[in-house]
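The lines below spell out each chain.
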Amino acid sequence: ILRRTAEIMSQNVQLLSEMETSDTGRVIRETQYDIEAGIECLNYYAGVVNSLGGNSYNLPCASGGTNLAYTLREPLGVTVGIGAWNYPIQSALWKSAPSLVFGN
């Protein structure tokens with residue numbers, strides 16, 4: 001989903017930049033950078049998702065046996081991202097992409 005969103009955004013950088021400029025009043029050159037930074041963020045977190053996983057360890061016991069310890073990744077629930085009004089799309093992507101990847 002993140003990679004596909006990044007693809008669609010890449011195909012529409014000019015349109016998205018114009019919309020962002022209209023919304024924030026910033027110059028088009030700056031909003032193009034914001035869109036490109038958002039695309040990079042989506043691609044980064046799309047790549048991170050493949051490296052997530054848990055670990056397991058055999059821990060020695062005082063009685064001579066071993067215990068199994070493991071990490072388990074679970075969603076924490078609702079997340080909140082506070083963004084700047086003048087960087088709406090960039091802030092939204094910086095906050096939502098990690099939450100989606102890590103299961104929140």
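Remember, predicted model here, so these are calculated numbers, not experimental data.

About the cut-offs
Residues numbered from 1 in each chain as written. Predicted model: local features only at pLDDT ≥ 70, side-chain atom pairs only at ≥ 80, totals over all residues. Heavy atoms only, no water. Buried < 20%, exposed > 50% of the residue type's maximum accessible area, 1.4 Å probe, protein only. Helix = DSSP H or I, 4+ residues; strand = E, 2+ residues; numbered from the N terminus. Arc of directions from axis to C-beta. Contact = heavy atoms within 4.5 Å. Patch = residues over 30% accessible without salt bridge, like charges linked within 9 Å, V, L, I, M, F, W, Y side chains within 5 Å. Areas by Shrake-Rupley, 256 points an atom, 1.4 Å probe, with all protein chains shown as cover. Salt bridge = Lys/Arg side-chain N within 4 Å of Asp/Glu carboxyl O. Polar contact = N/O pair within 3.5 Å; in protein donor to acceptor, adjacent residues only side chain to side chain.

Student: It is not clear to me how helix α1 (residues 2-11) should be interpreted in this structure. Could you clarify?
Tutor: Taken as a whole, α1 has its buried residues at Leu2, Ala6 and Met9. All buried residues of α1 project into a common sector of 65° when viewed along the axis, lining one side. Tucked into the core, α1 has its buried residues touching α2 (13-24), α3 (28-48) and α4 (88-101).

Student: I keep staring at a nonpolar patch on the surface and nothing clicks. Help me out?
Tutor: A surface patch of nonpolar side chains, about 380 Å² in accessible area, is lined by Leu68, Tyr70 and Leu72. Within the secondary structure, Leu72 sits in the loop between β2 (66-70) and α4. A relative accessible area of 56% means that Leu72 is categorised as exposed.

Student: Quick question: what am I supposed to make of the environment of Ala46 here?
Tutor: Topologically, Ala46 is positioned in helix α3. With 45 residues separating them in the primary sequence, Ala46 and Ile1 have C-alpha atoms 8.2 Å apart. Beyond its immediate chain neighbours, meaning those up to four positions away, Ala46 contacts Leu2 and Arg3.

Student: Please explain the environment of Ser99 as it appears in this structure.
Tutor: With respect to the secondary-structure elements, Ser99 resides in helix α4. With 83 residues separating them in the primary sequence, Ser99 and Leu16 have C-alpha atoms 23 Å apart. Only 3.0 Å separates the side chain of Ser99 from the side chain of Thr79, close enough to count as a polar contact. One polar contact links the side chain of Ser99 to the main-chain carbonyl oxygen of Lys95, over a distance of 3.3 Å.

Student: I keep staring at the pattern of salt bridges and nothing clicks. Help me out?
Tutor: Pairing between side chains of opposite charge can happen when their charged atoms approach one another. For the coordinates displayed, the defined rule picks out three salt bridges. Ionic pairing is found between Glu7 and Arg4, a salt bridge with its closest N-O pair at 3.1 Å. Remark: Arg4 and Glu7 occur in helix α1; sequence separation between them is three residues, near one turn of the helix. Arg4 sits in the partly exposed class, given a relative accessible area of 46%. In this structure, Arg26 engages Asp34 in a salt bridge whose closest nitrogen and oxygen atoms are separated by 2.4 Å. The two residues Arg26 and Asp34 agree in class, both being buried. What you see here is one network of salt bridges that share partners, running through Arg26, Glu30 and Asp34.

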